[in-house]
Amino acid sequence: DTCCFNDLILEMIAQDRQEHFYRWRSNDKVQPLDLEISVSRFGGDEPYALVSMVDRTAEVQGKVNLRREMMNDSLTGFANRIGFEERIGEAVDNFRKSEVEREFALVVFDLARFSRINESVGVLAGDELIITVAKRLMSRLRNSEIIGRLGGNEFALFAPVENGRGAGSIAERIVRAFDDPCKLSNLEIKIDCAVAAALGNSADDDPMDVLRHAQIALKRAKQTKKFELFSSDNLDRALHRFSLETDLRRALERDELEL
């Protein structure tokens, strides 16, 4: 560190600069130190330098903790929607940087009857159920996969796949995590979930679009009660439904409907 300061001072003298600001961070991974350092040069023929240091460790650590809280779900420890979208974006960016085209799947799943469970046994029991679900999902998670809680009773999982295969087996792995009922106090609750997925390619696809496609497929999975893989037909049906709702609303406003 002293050598670093000496180099800074010599550089200032060589460039005839009067002051220099420097941000220094230690390499200690357990208790890192963040300092804001300013070096000011004084004097003429025999110049001297004044080095002042301000400890910004608490401030930096506070920002890190705040960001962690903003990106993570406090109940499960999984990434929340914002954190999940950021992490899968980084994962796809890393695929692109490696210049190796990779396929990936986004699997979304929704716990059935969760609102009814909340109404029947209370919000605290509902939170306990979410924690139990999270533990079971963690036991089924692989190192290359990223999981997140998108909100309420909806979860999502990002996983690399090959040749468009694997999304179905991932969905089956998730469903099998709930083969045994969850025990809450004196109750045994059987968990059912709707599962759907969409496939993407690191070369062409935006992971946010793939996530949206998976959620469109999830709506159909709730109706069919089976795993659904997104196809362009799903999007066409969703667009048609939305257009029909818009047209009907306008028709009502204009009194264009007749018996």
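Refer to the structure printed above.
Below or above, wherever it landed, is the structure these notes cover.

Take the overall build of the chain next. When its secondary structure is counted, the chain shows eight helices and ten strands. For the chain, with 259 residues in total, the buried portion stands at 37%. Sequence-distant contacts, at least 24 apart, represent 58% of the contacts inside the chain between residues at least 6 apart. Carbon together with sulfur atoms contributes 49% to the accessible area of the chain, which is approximately 16,800 Å² in total.

The next point concerns the sheet that holds strand 1 (residues 19-25). Within a sheet, adjacent strands bond to each other through the backbone by hydrogen bonds, running parallel or antiparallel. Pairing is antiparallel across the open sheet formed by three strands, whose spatial order is 1-2-3. Whereas interior strands pair on both sides, the edge strands pair on one side only; in this sheet they are strand 1 and strand 3 (48-55). Each neighbouring strand pair of the sheet contributes to a mean axis angle of 20 degrees, computed without reference to strand direction.

In this section: the nonpolar core. Phe109, Leu111, Leu129, Val133, Leu137, Phe155 and Phe178 are the most contacted members of the largest nonpolar core, which totals 30 residues. Broken down by secondary-structure element, the contributors of at least two residues to this core are strand 4 (103-111), helix 4 (114-121), helix 5 (123-140), strand 6 (154-161), helix 6 (167-176), strand 7 (182-184) and strand 9 (193-201). Residues in contact with Phe109, not counting those within four places in the same chain, are Leu137, Ile147, Asn153, Glu154, Phe155, Ala156, Leu157, Ile174, Ala194, Val195 and Leu218. Formed by 24 residues, the second largest nonpolar core is a distinct cluster that contains Phe84, Val108, Phe158 and Leu218.

Moving on to the packing of helix 4 against helix 5. Between helix 4 and helix 5, the least distance of the axes is 7 Å, while the angle of their chain directions is 135 degrees. Judged on the interaxial angle alone, helix 5 and helix 4 are oblique. From helix 4, Phe114, Ile117, Asn118 and Val121 reach across to helix 5, where they touch Val123, Ala125, Gly126, Leu129 and Ile130. Classifying every residue of the contact of helix 4 with helix 5 by side-chain character gives seven nonpolar, two polar and no charged.

Turning to the packing of aromatic side chains, a few remarks are in order. For any two aromatic rings, the description comes down to two numbers: the centre-to-centre distance and the angle of the planes. Under the criterion given, the structure shown has four aromatic pairs. Geometrically, the ring pair formed by Phe95 and Phe158 is stacked, given 6.4 Å between the ring centres and 25 degrees between the ring planes. One end of the pair, Phe95, is in helix 3 (residues 81-97); the other, Phe158, is in strand 6, and 63 residues separate them in sequence. This pair shows no difference in class: Phe95 is buried, exactly as Phe158 is. A connected cluster of aromatic rings, assembled from ring pairs, spans Phe78, Phe109 and Phe155. One residue, Arg102, lies across the ring of Phe95, its end atom 4.8 Å from the ring centre.

What follows is about the environment of Glu90. Mapped onto the elements, Glu90 comes out in helix 3. Residue classification places Glu90 among the partly exposed positions, given a relative accessible area of 44%. Here the alpha-carbon distance between Glu90 and Pro207, two residues 117 residues apart in the chain, equals 9.8 Å.

Turning our eyes to something else, we now look at unusual backbone geometry. Unlike most non-glycine residues, Lys225 shows phi in positive territory, near 65 degrees. Here Lys225 shows up in the loop between helix 7 (207-224) and strand 10 (228-229). Despite not being glycine, Asp255 shows a phi value in the positive range, around 55 degrees. Summarising the element assignment, Asp255 is placed in the segment after helix 8 (232-253). Exposure remark for Asp255: the relative accessible area of 65% places this residue in the exposed category.

How each quantity is defined
- Residues numbered from 1 in each chain as written.
- Predicted model: local features only at pLDDT ≥ 70, side-chain atom pairs only at ≥ 80, totals over all residues.
- Heavy atoms only, no water.
- Helix = DSSP H or I, 4+ residues; strand = E, 2+ residues; numbered from the N terminus.
- Buried < 20%, exposed > 50% of the residue type's maximum accessible area, 1.4 Å probe, protein only.
- Contact = heavy atoms within 4.5 Å.
- Areas by Shrake-Rupley, 256 points an atom, 1.4 Å probe, with all protein chains shown as cover.
- Pairing = 2+ DSSP bridges.
- Axes fitted to C-alpha atoms, helices over the stretch in contact; angles between N-to-C directions.
- Core = buried A, V, L, I, M, F, W, Y, C linked by side-chain atoms within 4.5 Å.
- Parallel < 35°, antiparallel > 145°, perpendicular 65-115°, else oblique.
- Nonpolar A, V, L, I, M, F, W, Y, C, P; charged D, E, K, R; others polar.
- Phe/Tyr/Trp six-rings, centres within 6.5 Å; stacked < 30°, edge-to-face > 60°.
- Lys NZ or Arg CZ within 6 Å of the ring centre and 35° of its normal.

Keep in mind these numbers describe shape, not what the thing actually does.
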